[in-house]
Every structure is written in structure tokens, then in C-alpha cells.
Amino acid sequence: MIKKCLFPVAGYGTRFLPATKAMPKEILPILDKPLVQYAVEEAHEAGLSDLGFVTGRGKRALEDHFDVSYELEHQIQGSGKEKQLEGIRKLIDECTFSYTRQIEMKGLGHAILTGRTLVGDEPFGVVLADDLCFGEGVGVLAQMAKLYNQFRCSIVAIEEVPKDETNKYGVIAGEALTDNIFRVTDMVEKPDPKDAPSNMAIIGRYILTPDIFDIIENTEPGKNGEVQITDALLQQAKEGCVIAYKFSGKRFDCGSVKGFVEATNFCYEEFYLKNEPSATVVPIKKTK
Ligand code: G1P
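A brief look at the structure comes next. (Residues numbered from 1 in each chain as written. Predicted model: local features only at pLDDT ≥ 70, side-chain atom pairs only at ≥ 80, totals over all residues. Heavy atoms only, no water.)

Let's talk about the pairing of strand E12 (residues 242-246)
For E12, a buried count of four out of five residues is recorded, marking the element as mostly surrounded by other parts of the structure. Relative to E12, strand E8 (residues 154-160) runs parallel, the two sharing five bridges. Looking at the pairing, alanine 157 lines up with tyrosine 245 of E12. Relative to E12, strand E10 (residues 181-189) runs antiparallel, the two sharing three bridges. (Buried < 20%, exposed > 50% of the residue type's maximum accessible area, 1.4 Å probe, protein only. Helix = DSSP H or I, 4+ residues; strand = E, 2+ residues; numbered from the N terminus. Pairing = 2+ DSSP bridges.)

Concerning the site of the ligand
Neighbouring the ligand are 13 residues; Asp131, Gly170, Glu189, Lys190 and Ile202 lie closest to it. Contact distances for the ligand include 2.7 Å between an oxygen atom and a side-chain N or O atom of lysine 190. Take threonine 230: an N or O atom from its side chain is 3.3 Å from an oxygen atom of the ligand. Bound to the protein, the ligand loses 75% of the 380 Å² it would expose on its own. (Near = heavy atom within 4 Å. Polar contact = N/O pair within 3.5 Å; in protein donor to acceptor, adjacent residues only side chain to side chain. Areas by Shrake-Rupley, 256 points an atom, 1.4 Å probe, with all protein chains shown as cover.)

Side note on the environment of lysine 194
Checked against the element boundaries, lysine 194 lands in the loop between E10 and strand E11 (200-208). Along the sequence, lysine 194 and lysine 238 sit 44 residues apart, while their C-alpha atoms lie 23 Å from each other.

Any functional reading would require information that these geometric values do not contain.
The following block contains the structure:
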């Protein structure tokens with residue numbers, strides 16, 4: 001059973017300036033819930049309750065969000081508003097939250113390596129909060145955790161993207177084991193469309209085996225001079241096995257204004273208009 005999950009949340013969120021000047025981008029809400037809470041809910045639903053955050057300067061609001069606010073809670077006690085804090089209270093009661101700081105921004109691989117002290121020597125999940133995912137029937141990380149139990153190796157979630165967008169993602173090539181499960185044979189970080197091995201893009205959900213830490217330590221900076229998790233995973237794929245999984249559900253790039261607005265509209269229709277609290281699981285869509 002995987003218990004731990006890392007959330008790299010040190011990034012600046014420059015695409016959302018000025019909103020993110022004094023506030024972490026992960027606190028930006030979709031409807032009434034911050035992105036980071038969706039991410040934590042997805043991990044919790046997958047059974048991962050030891051949660052580690054790789055934070056940076058200006059990110060204290062994240063720690064406060066996952067803590068009790070006595071004054072506020074006292075203030076709204078007995079009012080209808082209490083209900084609005086039920087979800088976050090449940091997470092606080094059922095999960096543990098640990099934090100470490102990434103002093104320098106040297107890439108996602110480096111952020112994950114910084115989280116090593118919070119993870120130790122066991123498999124763990126990684127969730128990038130700005131990729132907001134809604135799993136069909138079951139959350140995306142829970143789908144991946146199930147697959148981990150079958151393969152016992154690192155898993156990346158993938159999605160087909162338009163060919164001209166491969167330069168925004170890590171892109172894989174793989175041997176199909178089923179319609180939605182691939183054994184990775186190659187992966188490239190943000191390739192030009194002409195060099196991309198496919199249009200299957202890695203999205204911000206990973207399950208990693210702990211040998212990844214030593215591999216990252218020995219991974220040279222790659223694309224944009226940053227230590228890339230994609231490069232470390234390619235090493236792991238060559239030495240053993242990495243599985244790419246086309247998940248069931250939807251994903252929005254909430255690191256961009258367009259994706260953020262689309263996610264908001266999706267939640268508005270899927271949850272708000274139906275008078276339901278927004279969640280990271282949606283009903284399975286019936287195929288015609
Ligand atoms: C990171 C990874 C990339 C992955 C993406 C998913 O890139 O480096 O491989 O496809 O997350 O969101 P970033 O978006 O942080 O530049």
C-alpha cells in the first residue's frame with residue numbers, strides 16, 4: 001500500500017501575476033476550493049495520507065490552509081457556514097502534513113529529490129496541483145495506485161495532446177500492453193513537435209519507486225538547465241520498467257488562464273449547478 005504523497009509547490013506561478021504576487025498559486029480557487037485542496041483530496045481518496053509538501057518562500061498560506069483556524073471556527077460555530085469547512089476538517093483529521101523547503105528552483109526532479117527526507121525508502125505518489133484532474137468513477141491517483149499494485153514499478157499518467165503542444169510536456173513512447181497501459185521505451189522533456197516520439201504527454205501525476213532518488217542525484221540538468229524527472233524516469237525505464245497510463249477522466253491545466261477558466265466552468269456545471277460540493281471524482285460517462 002502506498003501511503004505517502006509529495007506535492008511540489010515551490011513554483012512562482014508567474015503566469016498568474018499579479019494574482020500570485022503575495023499569494024501561492026496553489027491557493028487560487030476553482031469555485032470555492034483552492035487547487036491544493038483538490039490535489040490533497042485526490043491523494044486522500046487514493047489512500048495516501050502522509051502528505052509532504054516541497055514549498056518555497058511565500059508559501060506559508062499553504063501550511064495555514066491545512067491547519068485549524070480557531071478564531072474563524074469559533075466565529076462561525078453554529079452557523080450554516082460550518083458546513084463549508086467540513087471537507088478541509090476531514091483532511092486535517094485524517095492526514096498528516098509535513099513541509100520542507102526547496103531553496104533554489106532547479107526543476108521538478110530537484111523538487112522531488114528535496115522531498116526525499118519526507119518520503120524515505122518507500123513508493124510514493126507525486127501530484128502537481130496545477131494539473132487539476134477529475135477521475136471517472138475513481139480519482140486519477142487511485143486508478144494509478146491500483147496499477148502500481150499490479151506492476152510494482154513507477155507509473156506516469158498520460159494524455160493525448162495536439163501534436164503542436166508537445167513542447168509543454170514530457171512526452172513518452174511506449175509499447176502498448178492494453179488500450180490504456182504502455183511500457184515506456186522512451187521519454188523526452190518538452191520536445192519540439194518535430195522531435196516528439198508521440199503525442200502522449202505526461203500530466204502531473206506520478207507514482208515513483210524510491211530508487212528514483214539515487215537516479216535523480218545522478219541526473220544532469222536537462223531541458224532549460226533544470227533537473228528533469230522525465231530524464232530520471234527514462235533511466236528507470238531503461239533499467240527496469242516504467243508504466244504510462246492513459247487515465248479515465250478529465251484534466252485541466254490550471255497553470256494557464258485558459259485551463260483555469262475551463263476547469264471553473266466544468267466545476268460550475270458538474271457540481272455547483274447540481275448543488276454538490278466540487279470533488280475530484282465525477283460519475284462515469286455513459287458511452288452512446
Ligand atoms: C512538468 C514536467 C513535465 C510534465 C508536466 C505536467 O512540467 O516537467 O514533464 O509533462 O509537468 O504538467 P512543468 O509543467 O512543471 O513545466
